[in-house]
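# Secondary and tertiary structure notes
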Amino acid sequence: MPEDCSPDAVSGWMIENFKHDHGYREPFKVLISTILSQRTRDENTDEASRKLFSVFPTMESIAAARPEELYELIKQSGMYRQKAERIVNCAEILLERFGGRVPDTIEELTSIPGVGRKTANIVLNISFGKEALAVDTHVHRISNRLGWVKTKSPEETEFSLMKIISPHLWGPVNGSMVEFGRQICRPVGPRCEDCAISRCCDYYGRISKEDIPQ
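This text gives an overview of the structure that appears in the document. (Residues numbered from 1 in each chain as written. Predicted model: local features only at pLDDT ≥ 70, side-chain atom pairs only at ≥ 80, totals over all residues. Heavy atoms only, no water.)

As a further point, take the side chain of Thr 40. Mapped onto the secondary structure, Thr 40 falls in the loop between helix H2 (27-36) and helix H3 (42-55). Here Asn 44 takes part through its side chain, which lies 3.0 Å from a polar atom of the side chain of Thr 40. Among the polar contacts listed, one links the side chain of Thr 40 to the backbone oxygen of Ser 77, at a separation of 3.5 Å. Not counting the four nearest positions on each side in its chain, Thr 40 is found in contact with Thr 45, Gln 76, Ser 77 and Lys 83. (Helix = DSSP H or I, 4+ residues; strand = E, 2+ residues; numbered from the N terminus. Polar contact = N/O pair within 3.5 Å; in protein donor to acceptor, adjacent residues only side chain to side chain. Contact = heavy atoms within 4.5 Å.)

Written out as structure tokens, the structure is:
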């Protein structure tokens, strides 16, 4: 349990207790696996990434492929037709526009179709060691439930959290919040009774009051 309920203390507690391994470190593989991770579970992403890179291990081989050749390899990740188009297009752009390198700025990364701020920030942190805060649906939901922010979109949440969480925590807190969101602070049926930080949570405070007879 964190010593206090500050965003830094709670973030540090999550990082310590809900460890998350992103797997790849090579920029291109991190980028592609993060595109595959959109709207699917980790186990599906891992399997789709493994199959894809076993057949098309390099940027050049993916750029030379037809999207249909990727369908069966990445089908487990969901939305596989759309993702296949994005992945091949991404590889082509990296070769043509960036000389075969994955850029290390958020402006350049998000100029690639299909690469949003979350994906870009994961690449910047995992592959380049930069202080970058990736906000997905888990981070957006949990931050609002805790009462740290009152935002409508992940992008709003990202900029709000950057003001209240120390930069050295930005990178690791994403993966840890994802794990915390899957195990405890679930989208539906959050396990508040098993949560060690319920005393720090606005959402829990509200539902607790609602349960008290008036």
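Relative to the elements of secondary structure, Thr 34 occurs in helix H2. As a C-alpha pair, Thr 34 and Glu 3 span 31 residues in sequence and 34 Å in three-dimensional space. Leaving out residues up to four positions away in the same chain, Thr 34 has contacts with Lys 118, Thr 119 and Ile 122.

Quick look at the state of the cysteines now. Note on terminology: a disulfide is the covalent bond linking the sulfur atoms of two cysteines. Evaluation of the coordinates by the stated rule reveals one disulfide. The disulfide partner of Cys 5 is Cys 200, and the S-S distance across this bridge is 2.0 Å. Of note, the bridge from Cys 5 to Cys 200 carries an S-S torsion of about -70° and is left-handed in sense. A residue pair is termed long-range when its members are at least 10 positions apart, and Cys 5 in the segment before helix H1 (7-17) and Cys 200 in the loop between helix H11 (167-183) and helix H12 (202-211) qualify at 195 residues. Among the residues examined, Cys 5 registers a relative accessible area of 31% and is labelled partly exposed. (Disulfide = S-S within 2.5 Å. Buried < 20%, exposed > 50% of the residue type's maximum accessible area, 1.4 Å probe, protein only.)

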